[in-house]
Amino acid sequence: EAAEDPLNQPVEDGLDLPIPPNFSLPEKTFQFPVCAISKSTIKVLDLAKRGLEEAVLAKPFCSLRLFNTVRNVFELWCAVVPTYHKSSLDSLPQLAAIAHNSAMYLAHRLISLGFVYKQRLTAALTAADSSDNNSHHYHHAAASPTFIDIVPRLRQVGGEMMLSSMRLQRDAVVSTLAGMNSVGSERRLSSGVDQAVRQFLHQLKHLQKVWSPVLPTDIYYRCIGSLLNAGVEEIIQRILCLSDISAEVSGQYCSLLNQIVSKAPEFFTPVGKEEDATTATATLEAHVKKWNKFLELIFVLNSSLRVIQDRWGEGSGILAREFTADQVKQLIRAIFQNTERRAEVLSKIK
């Protein structure tokens, strides 16, 4: 009875794991996404292939060294590109995006590069590995010539180059929106506030032009969405810090912030492509975490005490999902004069 139990069968009997019938892989499985890479990346891959071809034809002693030389080419790429080009990567966001794509493309190709030469290289490398007393200084490829172990390093380097550029762009966004601290009058916003918002939108438009044709679409959405989110979050925090917002200024804030609302979906329509407004808005909402909070802020700035109270819904309304009770109270105190009605509403916001 024990022998009939599938769990007690020898391991060898369970090695065959057939693909289920009618099983189809997604169309884009193992496909690298459409994006731009540098010409030098293609040259590096061509150099690697020539080196491997020479390794196939060389004697075992030279074959092992040629194989490890090819591996070292990619190790050098990881070490040299981020440091030698650091200044350009920091100042040119498009170059950072291309460097990121190039690293990911190399990683993608290295996953299968070793298998392409497996049949022709394994015997030579095995002979060299067993006969060379100094082979411990090199990568042991006796089992199978592979570059798989370099793939995580390439992906890490590519990600770090893009993230470093993203951090600089985020800092630029925050620095630009610091202009919202400009002090105006009780009846009019400072021109610095309007200029800050316009400059913020200009920065995003520029990044759309340089990133959209270069990055894979999903990566572009995540990048532009992250920066838009950083911007709206900064705006929210700066308005929450205001202690007094007159009715006139509140209306001007609404008008200004609605410019962002109207322009933002455009950033989620890649250059050269056409998407309907509904699709762009859905993509925007999926990639900008604070978007609904931003919309609720505009709503509060343009609403009466009664409407705000209804929106709060005793702590279970739409407004309560985005703002804490203390934040809503702060906005009410800043926007509305000290009256019994205000005090009554504040007492119900908890």
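Residues numbered from 1 in each chain as written. Predicted model: local features only at pLDDT ≥ 70, side-chain atom pairs only at ≥ 80, totals over all residues. Heavy atoms only, no water.

**Focus on the confidence of the model for the protein**
Reasoning step 1: Here the protein averages 86 in pLDDT, while 87% of its residues score no lower than 70.
Reasoning step 2: Contacts of residues 5-9 to residues separated by more than four positions or lying in other chains number two contacts, the stretch itself having pLDDT below 50. (pLDDT = per-residue confidence, 0-100. Contact = heavy atoms within 4.5 Å.)

**Looking at helix α1 (residues 39-57)**
Reasoning step 1: Here α1 spans 28 Å end to end across 19 residues, near enough to the 27 Å set by a 1.5 Å rise per residue.
Reasoning step 2: Those residues of α1 that fall on the buried side of the exposure criterion are Thr 41, Val 44, Leu 45, Ala 48, Gly 51, Leu 52, Ala 55 and Val 56. Along the axis of α1, the buried positions cluster into a sector of 145 degrees, meaning they face one direction only. In α1, those exposed residues whose orientation departs by more than 90 degrees from the buried face are Lys 39, Lys 43 and Leu 57. (Helix = DSSP H or I, 4+ residues; strand = E, 2+ residues; numbered from the N terminus. Expected span 1.5 Å × (residues − 1). Buried < 20%, exposed > 50% of the residue type's maximum accessible area, 1.4 Å probe, protein only. Arc of directions from axis to C-beta.)

**Quick notes on the environment of Lys 263**
Reasoning step 1: Take Lys 263: it is sitting in helix α9 (residues 247-263).
Reasoning step 2: Given a relative accessible area of 40%, Lys 263 falls into the partly exposed group.
Reasoning step 3: Sequence separation between Lys 263 and Lys 205 is 58 residues, and the spatial gap between their C-alpha atoms is 9.4 Å.

**What to know about the packing of aromatic side chains**
Reasoning step 1: The tally for this structure, following the rule as stated, stands at six aromatic pairs.
Reasoning step 2: Taking the centre distance of 6.0 Å and the plane angle of 35 degrees together, the rings of Tyr 221 and Phe 268 count as tilted. Within this pair, whereas Tyr 221 is found in helix α8 (residues 217-240), its partner Phe 268 is found in the loop between α9 and α10 (277-287), the two being separated by 47 residues in sequence.
Reasoning step 3: By relative accessible area, which is 8% here, Tyr 221 ends up buried.
Reasoning step 4: An angle of 35 degrees between the planes, with centres 5.5 Å apart, marks the rings of Trp 291 and Phe 294 as tilted. A residue pair is termed a helical-turn pair when its members lie 3 or 4 positions apart in one helix, as Trp 291 and Phe 294 do in helix α11 (residues 291-301) at three residues. Residue Trp 291 shares its accessibility class with Phe 294, and that shared class is buried.
Reasoning step 5: One aromatic cluster is present, built from ring pairs that chain together Phe 67, Phe 74 and Phe 147. (Phe/Tyr/Trp six-rings, centres within 6.5 Å; stacked < 30°, edge-to-face > 60°.)

**Regarding a nonpolar patch on the surface**
Reasoning step 1: A grouping of Ile 19, Phe 23, Leu 25 and Phe 30 is seen on the molecular surface, where their side chains present a nonpolar patch of about 530 Å² in accessible area.
Reasoning step 2: When you line up the elements, Leu 25 lands in the segment before α1. (Patch = residues over 30% accessible without salt bridge, like charges linked within 9 Å, V, L, I, M, F, W, Y side chains within 5 Å. Areas by Shrake-Rupley, 256 points an atom, 1.4 Å probe, with all protein chains shown as cover. Salt bridge = Lys/Arg side-chain N within 4 Å of Asp/Glu carboxyl O.)

**Things to note about the packing of helix α6 (residues 151-177) against α8**
Reasoning step 1: Where α6 meets α8, the closest approach of the two axes is 10 Å, and the angle between their N-to-C directions is 30 degrees. For the element pair α6 / α8, the angle class is roughly parallel. In terms of crossing hand, the pair formed by α6 and α8 is right-handed. Along the contact surface, α6 presents Met 162, Met 166, Gln 169, Arg 170, Val 173, Val 174 and Leu 177, while α8 presents Cys 223, Ser 226, Leu 227, Ala 230, Gly 231, Glu 234, Ile 235 and Arg 238.
Reasoning step 2: Tallied by class, residues from the contact of α6 with α8 come to nine nonpolar, three polar and three charged. (Axes fitted to C-alpha atoms, helices over the stretch in contact; angles between N-to-C directions. Parallel < 35°, antiparallel > 145°, perpendicular 65-115°, else oblique. Left-handed = near helix turned anticlockwise from the far one by under 90°. Nonpolar A, V, L, I, M, F, W, Y, C, P; charged D, E, K, R; others polar.)

**Quick look at the nonpolar core**
Reasoning step 1: Formed by 65 residues in total, the largest nonpolar core has its most connected members in Trp 211, Leu 228 and Ile 260.
Reasoning step 2: Once residues within four sequence positions are removed from consideration, Trp 211 is found in contact with Pro 93, Gln 94, Ala 97, Met 162, Met 166, Gln 169, Tyr 220, Cys 223, Ile 224 and Leu 227.
Reasoning step 3: Ala 103, Tyr 105, Leu 110 and Met 161 belong to the second largest nonpolar core, which has 29 residues in total. (Core = buried A, V, L, I, M, F, W, Y, C linked by side-chain atoms within 4.5 Å.)

**Some words on the pattern of salt bridges**
Reasoning step 1: Within the structure shown, the criterion is met by eight salt bridges.
Reasoning step 2: Residue Asp 90 is joined to Lys 86 by a salt bridge in which the shortest nitrogen-to-oxygen separation is 2.8 Å. Taken together, the residues Asp 90 and Lys 86, both in helix α3 (residues 86-91) and four residues apart, mark about one turn of the helix.
Reasoning step 3: With relative accessibility at 24%, the residue Asp 90 sits in the partly exposed group.
Reasoning step 4: When its relative accessible area of 47% is taken as the criterion, Lys 86 is described as partly exposed.
Reasoning step 5: Taking the shortest distance from any N to any O, the salt bridge between Glu 234 and Arg 238 comes out at 2.9 Å.

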